[in-house]
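# Residue-level structural notes
So you can see what is in the structure, the chains are spelled out below.
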Amino acid sequence: ILIYNKLIYMIEYDDIIKDSPFLVNHLISLMKTHDFFMNKHIKKETEILPSQYYMLLFLYYEMGTNQSDIAKACLMDRSGVSRAFKDFEEKGLIIREVDETNKRAYKITLTEKGIETSEFLIEKEKEWDDMLCEELDISRDDLLELLTKISLKSLEFNRNQF
């Protein structure tokens, strides 16, 4: 709310984004609106929790990986991943098998139901991407390439600074 000469003006979120001079504000807006979109579909059309989304997709792309690797990739502790996987197992989304090379570890694979759930969510991701790119003068692939460069530059900058 902006008060000017005793008149009250409501500042709309759209105006804040349009006027923002910083990349991070746009990235946060994209992340928040993306999460809202995906969470709606996750809650309504799957049996997983929004917090389990990235673990499920990681498993889809890295089938047969172990819990420790998944915990690292998803920036979670192993006990959190273990709880999520117990839930996944109860819902018939994964199979945990003892890793033959390390008897203390489990190899995780998706069941048919887990694969179907993952592929449904991937389709929703593509729908989101297509919606964002439909009125741009840049293809999805070119935008992805540009965002990859920006993300890698950001990682490089932080590694060199800290």
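Residues numbered from 1 in each chain as written. Predicted model: local features only at pLDDT ≥ 70, side-chain atom pairs only at ≥ 80, totals over all residues. Heavy atoms only, no water.

## As for the overall build of the chain
Stated formally: For helices the rule is a DSSP run of H or I covering at least 4 residues; for strands it is a run of E covering at least 2, with both sets numbered from the N terminus onward. Only C-alpha atoms enter the radius of gyration; for comparison, a globular chain is expected to reach 2.2 Å times N to the power 0.38, where N is the number of residues.
Along the backbone of the chain there are seven helices and four strands. Counted from the first residue to the last, the chain has its helices and strands arranged as β-β-α-α-α-α-α-β-β-α-α. Over its C-alpha trace the chain gives a radius of gyration of 20 Å, far above what one expects of a compact globule, namely 15 Å for 162 residues. The principal-axis extents of the C-alpha atoms in the chain amount to approximately 70 × 40 × 35 Å.

## Describing a nonpolar patch on the surface
Note the following rule: Like-charged residues are merged into a patch within 9 Å and nonpolar side chains (Val, Leu, Ile, Met, Phe, Trp, Tyr) within 5 Å, provided each residue has over 30% relative accessible area and no salt bridge. Areas reported here follow the Shrake-Rupley algorithm with a probe of radius 1.4 Å; residue values treat only the protein chains shown as occluding. Salt bridge, as applied in this entry: a Lys or Arg side-chain nitrogen positioned within 4 Å of an Asp or Glu carboxyl oxygen. Under the scheme applied here, a residue whose accessible area is under 20% of the maximum for its type counts as buried, over 50% as exposed, and between as partly exposed, the area being computed with a 1.4 Å probe on protein chains only.
The grouping of L23, L27, L30, M131, L132, L146, L147 and I150 at the surface amounts to a nonpolar patch, some 680 Å² of accessible area in total. Mapped onto the elements, L27 comes out in helix α2 (residues 23–45). What makes L27 partly exposed here is its relative accessible area of 45%.

## Observations regarding the environment of W128
Here is the rule we go by: Contacts are residue-level and defined by heavy atoms, with any inter-residue pair within 4.5 Å sufficient.
Relative to the helices and strands, W128 is located in helix α6 (residues 112–133). Considered as a pair, W128 and T33 are 95 residues apart in the sequence and their alpha carbons are 10.0 Å apart. Ignoring anything within four residues of it in the chain, the contact list for W128 reads L30, T33, H34 and F37.

## Digging into a negative patch on the surface
The condition is simple: Counted as positive: Lys and Arg. Counted as negative: Asp and Glu. His and the chain ends are not counted at all. Throughout, a charge is located at the NZ atom of Lys, the CZ atom of Arg, the CG atom of Asp or the CD atom of Glu.
Where like charges cluster on the molecular surface, the negative patch consists of E12, D14, D15 and D19. Inspection of the secondary structure assignment puts D19 in helix α1 (residues 13–19). Owing to a relative accessible area of 62%, D19 belongs among the exposed residues under this scheme.

## Quick notes on the pattern of salt bridges
Applying the stated criterion to the full structure yields 10 salt bridges. In this structure, the salt-bridge partner of E89 is R96, at a minimum N-O distance of 2.9 Å. Taking relative accessible area as the criterion, E89 reaches 34% and is therefore assigned partly exposed. Among the salt bridges present, the one from D141 reaches R140, with a minimum N-O distance of 3.9 Å. For R140, a relative accessible area of 33% translates into the label partly exposed. It is possible to trace a salt-bridge network through shared partners that takes in D129, R140 and D141.

## Some words on the nonpolar core
The following threshold applies: Nonpolar cores were defined as sets of buried Ala, Val, Leu, Ile, Met, Phe, Trp, Tyr and Cys residues, with membership established by side-chain atoms within 4.5 Å.
In terms of nonpolar packing, the biggest core is built from 23 residues, with I48, M55, I70, F85, F88 and I94 touching the most fellow members. Of all the secondary-structure elements, those providing two or more residues to this core are α2, α3 (53–61), α4 (67–73), α5 (78–90), β4 (102–110) and α6. With five residues, α3 is the single largest residue contributor to this core. With residues up to four places along the chain from it excluded, the contact list for I48 reads I42, Y53, L56, F88, L93 and L121.

## A word on the packing of aromatic side chains
Quick reminder of the rule: Only the six-membered ring of Trp is used, alongside the rings of Phe and Tyr, when aromatic pairs are assigned; centres must lie within 6.5 Å, and planes under 30 degrees apart are stacked while those over 60 apart are edge-to-face, with the rest tilted.
According to the stated counting rule, one finds four aromatic pairs in the structure shown. Judged by centre distance (5.5 Å) and plane angle (35°), the ring pair of F37 and W128 falls under tilted. You can see F37 sitting in helix α2 and its partner W128 sitting in helix α6, a full 91 residues away along the chain. There is no split in this pair, since F37 and W128 are both buried. When the centroid spacing of 5.1 Å and the interplanar angle of 85° are considered together, the rings of Y60 and Y61 count as edge-to-face. For Y61, a relative accessible area of 55% gives the class exposed.

Everything listed here is a matter of coordinates, which is why it stays silent on function.
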